[in-house]
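# Fold and geometry: a report
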Amino acid sequence: MATASISWEEKLFHRANVTATPALIFGHDVDRETLDAAYLHCADITRRNSRTFYMSSRLLPGEMRAAARALYAFCRITDDIVDQPATDVGGGSRLAELRGWRQRSLDSHYSNADLASTDLATLAWTDTRARFGIPKAYAEQLIEGVSQDLTHNRYASFDELAHYCYLVASTVGLMTMHIVGYAGPQAIPYAIKLGVALQLTNILRDVGEDWANGRLYLPQDELAAYGITEDQIAAGKVTPRWRVFMRFQIDRARQLYAEAMPGIGMLGRDGQIAIAASAVLYRDILAKIEENDYDVFTQRAHTSALEKLGRLPSIWWTTLTNRWVQ
């Protein structure tokens, strides 16, 4: 008897159903001044590395804002370990460093005597996990996904790519939901799709940069279907076939955003505008790719700070009236 195939959405929903095992609070071993310094350190990491997220996180109340930036710092440090130049540290060494970071960042006990300046992000992240009950499994899945960049540089199909996107991006959304609050399990599929949409946007924007680093995230079967070879990508030329291929990819990303945005209304009220802003401002990158005639080889699509600010009133109104649900 033939069995029905399981969609990528169902597979990822299964992975997202984890048991909440938050970090144990570390008691009074760390003083308030040190903890405040740790959160300020995470805010600085966020400000230096992501103007979009730094801006959107400003829309959160103070405690949520600090926690969101601690989460960002955890993700940024994880990513930076893998993205170190090969001349600085070998792949095996990077994997060992990542394993060490996994153990350190998911530990639950710190004291002032243990801390060096490099541990400040870990301290804030541990406090955030404990304070908001963030499941450890999501952090482990994120590290699993980031580690794939050390062993995988091609993806055969969109199903494979969607799983990678879930690991490195949807997990971030699922952790963020614990910070801002959410209605229940019915919100999870929306967070998964939003994460896939956000990561797909990153992938489409960074084709040239990723190629220079030896990675090609675009689905191999779809490249073949559109008659695009790796030699053509290496040449970095925008051809008619490339334009058609990119239109298809952008259309799919926009569809994922459209299917994900109704989930905004399932989040805690205080977090809705910030999450909506992050999603919309990232989605706008797709339009910039189109404006650049799909040249993702020599140009990096981005929106200016003024353009981002100009989008906030409409994002605020759409969120307030819950018009993400069509």
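Values in this document were obtained by computation on a predicted structure and should not be read as measured data.

Here is what the cut-offs are and how they apply
Residues numbered from 1 in each chain as written. Predicted model: local features only at pLDDT ≥ 70, side-chain atom pairs only at ≥ 80, totals over all residues. Heavy atoms only, no water. Axes fitted to C-alpha atoms, helices over the stretch in contact; angles between N-to-C directions. Helix = DSSP H or I, 4+ residues; strand = E, 2+ residues; numbered from the N terminus. Parallel < 35°, antiparallel > 145°, perpendicular 65-115°, else oblique. Left-handed = near helix turned anticlockwise from the far one by under 90°. Contact = heavy atoms within 4.5 Å. Nonpolar A, V, L, I, M, F, W, Y, C, P; charged D, E, K, R; others polar. Core = buried A, V, L, I, M, F, W, Y, C linked by side-chain atoms within 4.5 Å. Buried < 20%, exposed > 50% of the residue type's maximum accessible area, 1.4 Å probe, protein only. Phe/Tyr/Trp six-rings, centres within 6.5 Å; stacked < 30°, edge-to-face > 60°.

### A look at the packing of helix H1 (residues 8–16) against helix H9 (residues 188–205)
- Interhelical geometry of H1 versus H9 gives an angle of 115 degrees and a closest axis separation of 10 Å. Viewed along their axes, H1 and H9 adopt a mutual orientation that is roughly perpendicular. Relative to H9, the crossing made by H1 is right-handed. Of the residues in H9, those touching H1 at Trp-8, Glu-9, Leu-12, Phe-13 and Ala-16 are Ile-188, Pro-189, Ile-192, Lys-193 and Val-196.
- Here the residues of the contact of H1 with H9 are counted per class, giving 8 nonpolar, no polar and 2 charged.

### Let's talk about the nonpolar core
- Ranked by internal contacts, the top residues of the largest apolar core, which has 85 residues, are Phe-74, Leu-161, Leu-218, Trp-242 and Ile-289.
- Discounting residues that sit within four places of it in the chain, Ile-289 has contacts with Leu-204, Arg-205, Met-246, Ile-250, Tyr-294, Asp-295, Val-296 and Ala-301.
- Ranked by size, the runner-up nonpolar core spans 12 residues in total, among them Tyr-72, Ala-73, Ala-121 and Ala-124.

### Some words on the packing of aromatic side chains
- Per the stated rule, a full pass over the model turns up 12 aromatic pairs.
- With 5.7 Å between their ring centres and 35 degrees between their planes, Tyr-226 and Phe-248 make a pair best called tilted. Highlighted residues: Tyr-226 in the loop between helix H11 (220–225) and helix H12 (230–235) and Phe-248 in helix H13 (residues 240–260), separated in sequence by 22 residues.
- The exposure class of Phe-248 is partly exposed, given its relative accessible area of 31%.
- Between Trp-242 and Phe-297 the ring centres are 5.0 Å apart and the planes differ by 40 degrees, which places this aromatic pair in the tilted class. Linking Trp-242 in helix H13 with Phe-297 in the loop between helix H14 (269–291) and helix H15 (305–320), this pair joins segments that are 55 residues apart in sequence.
- The exposure class assigned to Phe-297 is buried, which follows from its relative accessible area of 17%.

### Describing the environment of Leu-150
- With respect to the helices and strands, the residue Leu-150 is situated in the loop between helix H7 (136–147) and helix H8 (158–180).
- Leu-150 gets classed as partly exposed once you look at its relative accessible area, which sits at 23%.
- Sequence separation of Leu-150 and Val-82 is 68 residues, and the distance between their C-alpha atoms is 6.9 Å.

### Some remarks on unusual backbone geometry
- At Tyr-294, a position not held by glycine, the phi torsion is positive, near 65 degrees.
- Mapped onto the elements of the fold, Tyr-294 is located in the loop between H14 and H15.
- Take Tyr-294: its relative accessible area is 8%, and that puts it in the buried class.
- A positive phi angle, near 55 degrees, is found at Asn-322, a position not held by glycine.
- You can see Asn-322 is positioned in the segment after H15.

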